[in-house]
Amino acid sequence: MKALMRFAMILAISQSAQAADTEAGKRLANTVCAACHGATGISVSDAVPNLAGQRARYVEAQLKFFKDGTRKEPGAVSRAAIMNAIASQLSVEEIANVAAYFESQPGAAPGTTSALLPNIATTKMAFPQDYKQSFTKYHTINFPAAKEVRYYYANTAALTAAKAGKPLPDGSILFAEVYSAKLDATNNPVTGADDFYVPDKLVRYTAMEREAGWGNDIPELLRNENWNYAIFTTAKQHQQGVNQAECLACHKPLSNVSYTFTLKQLSTAK
């Protein structure tokens, strides 16, 4: 049944492809798609597929599958989940246009990658050096698939707003320490008396911060108001190769909870 549904959708797409507006598709590709797939469909890394030269019918079909949820993967931060979030905001016409545009582009040579768009891919956030002294630790989460445990912190601006039931304002910072879990003899995480994994080694930090104007240069389909996101190494430096566009797309559906997964826990923090 699912195969028949996909086949029927692909057949329906053939008519819309002929009337597509490639210039409109180019504008969309240059703003939203370029952050990961490159402005002309030549991707930014080996982990992201090239779209240049792909048949419009194929690209259009995949975007529609992402839009209606037919194509998805488990996990909030999978690449399919990111595409679900982006495609859900596109109209049928926009999907047809961007698909036609990518088909019109010459295919990429093997190994070719596109330059990142700095206003989307690169974060403005700096490492909050004083978080241990000035932030409040408000939540802990086990991540079984990664065998990690994360400790979440928030600054005063975020904590005060959340406890008052208000959206998180400019000046808010949420921050997480990510530890690998201590493993037992069977390679399973050791759990403490509090039911959380016993931390072993610090592996990275993740963070999100919003400041006035930080969202101005980000296209609306990706913009999370004024939020920026970052991943830091244990040396407190930006982790190389991180594309903020993926973070923006992942958090985009969370506008009703200030674009964060842990607002409820923050609002009840002691």
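Remember, it's a predicted structure, so these values are computed and weren't measured experimentally.

A.B. asks: Got a minute to help me understand the layout of surface pockets in this structure?
C.D. replies: Empty space among the atoms becomes apparent when a probe as large as a water molecule is rolled across them. Considering only enclosed or pocket space, the second largest pocket measures out at about 590 Å³ in volume. Mapped onto the lining of the second largest pocket, the elements with two or more residues apiece are helix H2 (22-37), helix H3 (56-68), helix H4 (79-87), helix H5 (92-104) and helix H9 (244-251). Considered class by class, the residues forming the lining of the second largest pocket number 21 nonpolar, 4 polar and 4 charged.

A.B. asks: Help me understand the nonpolar core, please; the structure alone is not making it clear to me.
C.D. replies: If you look at soluble globular proteins, the nonpolar side chains tend to sit buried side by side. Counting residues in hydrophobic clusters, the biggest one holds 48 residues, and the most contacted among them are Val98, Phe102, Tyr138, Leu168, Leu174, Leu222 and Leu266. When residues in this core are grouped by element, the largest group, 6 residues, is from H2. In this view, Leu168 contacts Ala158, Ala161, Ala162, Leu174, Arg210, Trp227, Ser258, Thr260, Leu263 and Leu266; residues no more than four positions away in its chain are not counted. Membership of the second largest hydrophobic core comes to 17 residues, among which are Phe135, Tyr197, Trp214 and Phe232.

A.B. asks: Any chance you could explain the environment of Ile86 here in plain terms?
C.D. replies: Looking at the element boundaries, Ile86 is found in helix H4. The sequence separation of Ile86 and Val32 amounts to 54 residues, and the corresponding C-alpha distance is 8.6 Å. Those residues in contact with Ile86 that lie beyond four places of it in its chain are Val32, Leu221, Leu222 and Ala249.

A.B. asks: Teacher, can you tell me more about a negative patch on the surface here?
C.D. replies: Taken together, Asp21, Glu23, Glu93 and Glu94 make up a surface patch of like negative charges. Here Asp21 shows up in the loop between helix H1 (2-18) and H2. For Asp21, a relative accessible area of 36% translates into the label partly exposed.

A.B. asks: What exactly am I supposed to notice about unusual backbone geometry here?
C.D. replies: Despite not being glycine, Asn187 has its phi angle at roughly 70°, a positive value. Along the polypeptide, Asn187 turns up in the loop between strand S3 (173-181) and strand S4 (199-210). If you check the backbone angles, Asp195 has positive phi at about 75° while not being a glycine. With respect to the helices, strands and loops of the structure, Asp195 is situated in the loop between S3 and S4.

Conventions adopted
- Each chain carries its own residue numbering, running from 1 in the written order of its sequence.
- At least 70 in pLDDT is required for a residue's local features to be given in this predicted model, at least 80 for side-chain atom pairs to be given and counted, and no such filter applies to totals for whole chains, interfaces and linings, which use all residues.
- Working from all heavy atoms in the structure, the side-chain values ignore hydrogens and water.
- Lining residues are those with an atom within 4 Å of a point, where the points come from a 1 Å grid over the protein atoms alone and group into cavities, where a 1.4 Å probe fits but cannot get out, or pockets, open sets with protein on both sides within 12 Å along at least five of seven lines.
- Grid points are joined across faces, edges and corners, and a volume is the space filled by probe spheres set on the points.
- The way it works is that DSSP assigns letters per residue, a run of H or I at least four long becomes a helix, a run of E at least two long becomes a strand, and they are numbered from the N terminus.
- Asp, Glu, Lys and Arg are counted as charged, while Ala, Val, Leu, Ile, Met, Phe, Trp, Tyr, Cys and Pro are counted as nonpolar; the rest, among them Gly, fall into the polar class.
- Definition used in this section: a nonpolar core is a set of buried Ala, Val, Leu, Ile, Met, Phe, Trp, Tyr and Cys residues joined via side-chain atoms within 4.5 Å.
- Each residue gets one of three labels from its accessible area relative to the maximum for its type: buried under 20%, exposed over 50%, partly exposed in between, using a 1.4 Å probe on protein chains only.
- Here, residues are in contact when the closest pair of their heavy atoms is within 4.5 Å.
- Here a patch means residues that are over 30% exposed by relative accessible area and free of salt bridges, tied together within 9 Å if like-charged and within 5 Å if nonpolar (Val, Leu, Ile, Met, Phe, Trp, Tyr).
- Using the Shrake-Rupley algorithm and a 1.4 Å probe, accessible areas are obtained, with residue cover drawn only from the displayed protein chains.
- Salt bridges are counted wherever a side-chain nitrogen of Lys or Arg sits within 4 Å of a carboxyl oxygen of Asp or Glu.
- For the purpose of counting charges, residues Lys and Arg are taken to be positive, whereas Asp and Glu are taken to be negative. His and the chain ends are not included.
- To locate a charge, take NZ of a lysine, CZ of an arginine, CG of an aspartate or CD of a glutamate.

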